[in-house]
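Architecture and fold: a report
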Amino acid sequence: MRAGRRVRNRTLWFWIFVGPFVLGLALFTYVPLLWSVGLSLFDARNTVTPTHFVGFDNYTAMLSDDAFVDSLRTFLVFTAFIVPATYVLSLALALMVNRVRRAQAFFRSVFFLPAACSYVVAALIWKMSVFNGVRFGLANAVLGWFGGDPVAWLSTTDPPWYWLVIVTVRLWLQTGFYMILFLAGLQRIDRGLYEAAEVDGARPGWQVLRHITLPQLGATSIAVVLLLVINAFQAFDEFYNLLSDARGYPPYARPPLVYLYYVALGQGQNLGLGSAGAVILALVIVVVTVGQARWFGLGKKEE
């Protein structure tokens, strides 16, 4: 009797603590996701309770939409910039902070602090103060010191200087978070490996980094790359707040979420078409993530 009562008490306390999280996850994640899949099969204009079933017509229309395909190309360009840049910078910071003997917690906190900043706030700071298109912005002020002319960073498309603004704000926001992941990986490496390498005559620096540090950070590197690619797919705040103005959003540098935002909540409010695009985007993320996991060998048993 007592054993059964203890089991019931543990089950009760389990649901007391986990229940609110499960309920919130179901209400705010899974129900909207399933509802979006349902909407994608209907002609849902200006309504979330459509009655006209169209099957996969929304998917066909979205895949044949040049603007949507172009938004996927924008994602690829953004990923090509942000993933390697964040990886290299966060790893470099982690290596430097890991070598600090004093005030390591201070430097770790300083570099991580931008991760707590809102993407909207950071985008507005970059737009209004750092890369303002007039001579009073910080970037143009620095150019002026060297005799350069002011640059309209966010509206110049040849060359596309807006990529510099978008990539740098994302770098500032997320590098500290991935630095913490690399720091955790570095602190798990057995120091005896470095001592053995020193005995064998390995030169400190690139040789040790290549043959000891990077292989030992394999699992952490895989996790970082996966998270970076997924987060790049979900880019919205910095693009929207940097490039949109009173006239709307320019026709260039539209990532998928920005494009879908205008499809579903713009003038037409075509929620069916927007939901189809969202489902396609989710499937692309799943395929890319699974493909990366298979490529990196995640889930394989060690021989």
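The structure reproduced in this document is the subject of the present report. On a predicted model such as this, the values are computed, not experimentally measured, just so you know. (Residues numbered from 1 in each chain as written. Predicted model: local features only at pLDDT ≥ 70, side-chain atom pairs only at ≥ 80, totals over all residues. Heavy atoms only, no water.)

To continue, consider the pattern of salt bridges. With the rule as written, the count across this model stands at 4 salt bridges. A salt bridge links Arg45 to Asp43; its shortest N-O distance comes to 3.1 Å. Note on Asp43: relative accessible area 30%, which makes it partly exposed. (Salt bridge = Lys/Arg side-chain N within 4 Å of Asp/Glu carboxyl O. Buried < 20%, exposed > 50% of the residue type's maximum accessible area, 1.4 Å probe, protein only.)

This brings us to the side chain of Asn98. Its location among the elements puts Asn98 in helix H3 (residues 66-99). Excluding its chain neighbours within four sequence positions, the residues that come into contact with Asn98 are Gln104, Leu183, Leu186 and Gln187. (Helix = DSSP H or I, 4+ residues; strand = E, 2+ residues; numbered from the N terminus. Contact = heavy atoms within 4.5 Å.)

A word on H3. The terminal C-alpha atoms of H3 lie 50 Å apart, and with 34 residues this matches the ideal 50 Å at 1.5 Å per residue to within 8%. In the structure, H3 departs most strongly from a straight axis at Thr79, where the bend amounts to approximately 25°. Capping the start of H3 is the job of one residue whose side-chain oxygen sits 3.0 Å from the backbone nitrogen of Ala67: Asp65. (Expected span 1.5 Å × (residues − 1). Bend = angle between axes of the 7 residues up to and from the residue. Polar contact = N/O pair within 3.5 Å; in protein donor to acceptor, adjacent residues only side chain to side chain.)

Let us now look at the nonpolar core. If you look at the biggest cluster of nonpolar residues, it comprises 63 residues, and the most contacted ones within it are Phe78, Tyr162, Ile166, Phe239, Leu242 and Leu243. Counting residues per element, this core draws most heavily on helix H7 (residues 162-187), at 13 residues. Contact partners of Ile166, with chain neighbours within four places excluded, come to Phe78, Glu238, Phe239, Leu242 and Leu243. (Core = buried A, V, L, I, M, F, W, Y, C linked by side-chain atoms within 4.5 Å.)

Function-wise, these values are silent; they only describe arrangement.
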